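Per-entry structural report
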Amino acid sequence: MAVEQLTADEREKALAALPEWTLREDGLAIIRAFKFRDFNAAWGFMSRVALLAETHDHHPEWSNVYNRVEITLTTHEAGGLSLRDVAMAKAIDALA
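Residues numbered from 1 in each chain as written. Predicted model: local features only at pLDDT ≥ 70, side-chain atom pairs only at ≥ 80, totals over all residues. Heavy atoms only, no water.

In the nomenclature of an unreviewed UniProt entry, the chain corresponds to Putative pterin-4-alpha-carbinolamine dehydratase from the organism Alteraurantiacibacter aquimixticola. If you open the UniProt record of the chain and go to Catalytic activity (unreviewed entry), you find "(4aS,6R)-4a-hydroxy-L-erythro-5,6,7,8-tetrahydrobiopterin = (6R)-L-erythro-6,7-dihydrobiopterin + H2O". (UniProt positions renumbered as here; feature names shortened; annotations may be inferred.)

Shown next, in the form of C-alpha cells:
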C-alpha cells in the first residue's frame, strides 16, 4: 500500500494537533526538540522511542547531545510528511 504525502491543508490540520512540533523549512518533515534533566533521562527516552518506532515500523531521524534530543519525522516512501509521521509524533508526545 502506497503512503501518500499530506496536502497543504492536511499538513496544517495535523500541525494544529501537534503544537510542540514545527514544520521543517522545506515543508517535508516535522521537528521537535526535547530537553531532559541529564543524559541518562535523554537516553532512556530515546530507548522508549526506539521500541515505539519498531512497533510502528516508522523510524525517526534524531540526534542527541547530553540532555537534548531532536527528532525529525518524515516518510521517505511518500517523499515528505505523511499520516505515519503524524501518528508517530502523537505516540512520541505520549511518551514525553
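With that settled, the discussion passes to the sheet that holds strand E1 (residues 22–23). The four strands lie next to each other as E1-E2-E4-E3, forming an open sheet whose pairing is antiparallel. Two strands bound the open sheet, and with one partner strand each, they are E1 and strand E3 (61–65). The pairing of E1 with strand E2 (residues 30–35) spans two bridges and is antiparallel. Note that in E2 the partner of Leu23 across the bridge is Ile30. On top of the sheet, helix H3 (residues 83–95) reaches E2 and strand E4 (68–73); it is set at about 155° to E4, its chief contact. (Pairing = 2+ DSSP bridges. Helix = DSSP H or I, 4+ residues; strand = E, 2+ residues; numbered from the N terminus. Contact = heavy atoms within 4.5 Å. Axes fitted to C-alpha atoms, helices over the stretch in contact; angles between N-to-C directions.)

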